[in-house]
Amino acid sequence: MRAGEVFAPGRSGGPGTVRMLRPWVLEEQTGELRMWYSEHDGVTGRIMAAVQRPDEKWEPLGVAVDAGLAGGSDQYGVESPCVVLTPGGYLMAYGGFDGDATRLHMATSADGRAWIPQGTVMQRGAEDALAASHPCLVTTEAGWWLFFTGYDGTGDSRQAKILAAVSASGASWDRVGTILEPMAGELAISHPCVLVLARTFYMFYASDDGERVSIAMATSADGLTWDRHGTILEAAGGGPEAHGVHTPCAVRCRDGSLRLWYAGLPAGDTRLGYRICAARFSGPWSVGA
């Protein structure tokens, strides 16, 4: 069930917002929802924050991570936050642009508000020679996974694949390589969001056919080999997501439901003025059983 628009450019509390992408949501023990998301003013990308307290509307909190948090490696813009809660506090993975290439970065925080840069993550390879971004951190009993998007510069720099790396502790990472790549009819797949439910990996990702973006899902028993289940959300109606849906974040809430936040593109938009939308899904995988 689609819940409609959450934030729109010009109404988010940010100055001169052109587009809003890649929401990332955590549910706290109190039931409070916290969101970090990408916002772009046409020149610079920033990571913003918002909060939704029980039975209240979303409240924008302003800039969480500004360009240049880590210095030269992200001085021209930051994007695509993924935030997880660890025993030591909050850990954020994000993309940072140095004026030449986008690389994965990490930052830490005691409260999810003030962030301390931890620098870049991993050397890039041929699969992400142009850019590495849109990270998703996942913890399992065996260790950490880092799923992300790699751009190799082909397809007018639009072609993208989903890559992965693993770590025993989250401190250093070993590249796994490509785990999912475009099929016939797809130009790019990107922005992975992965949940582990009942020992199964569920990946929600953006599927771009060159004309329109939709949200698809795949599953895996081991994080390496994936079975695709096709499109689960696509452009609809004449409202805020009439021309496309993008950058999914799926959250298994404490009530057992599966909720989805994503970017929607309205019909007739010529500036890619994405805004944040939400939906709630039902089905056997929404309860993790």
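Residues numbered from 1 in each chain as written. Predicted model: local features only at pLDDT ≥ 70, side-chain atom pairs only at ≥ 80, totals over all residues. Heavy atoms only, no water.

Focus on the pattern of salt bridges
Then, number 1: Here the structure, examined in full by the defined rule, presents 14 salt bridges.
Then, number 2: A salt bridge links Arg103 to Asp98; the nearest nitrogen and oxygen atoms lie 3.4 Å apart.
Then, number 3: Relative accessible area serves as the criterion here: at 23%, Asp98 is assigned to the partly exposed category.
Then, number 4: One salt bridge in this structure joins Asp255 and Arg280, with 3.8 Å as the shortest N-O distance. Residue Asp255 is found in the loop between β18 (244-252) and β19 (258-265), and its partner Arg280 is found in strand β20 (residues 275-281); the two are separated by 25 residues along the sequence.
Then, number 5: Under the relative-accessibility criterion, Arg280 is labelled partly exposed at 33%.
Then, number 6: Through salt bridges that share partners, Glu32, Arg53 and Glu59 make up one connected network. (Salt bridge = Lys/Arg side-chain N within 4 Å of Asp/Glu carboxyl O. Buried < 20%, exposed > 50% of the residue type's maximum accessible area, 1.4 Å probe, protein only. Helix = DSSP H or I, 4+ residues; strand = E, 2+ residues; numbered from the N terminus.)

Details of the side chain of Ser220
Then, number 1: Here Ser220 shows up in strand β16 (residues 213-220).
Then, number 2: Here the side chain of Ser220 touches Gly223 through a polar contact of 2.7 Å, landing on its backbone nitrogen.
Then, number 3: For Ser220, the side chain forms a polar contact with the main-chain oxygen of Thr225, separated by 2.7 Å.
Then, number 4: When residues no more than four places from it in sequence are discounted, the contact partners of Ser220 are Thr200, Phe201, Thr225 and Trp226. (Polar contact = N/O pair within 3.5 Å; in protein donor to acceptor, adjacent residues only side chain to side chain. Contact = heavy atoms within 4.5 Å.)

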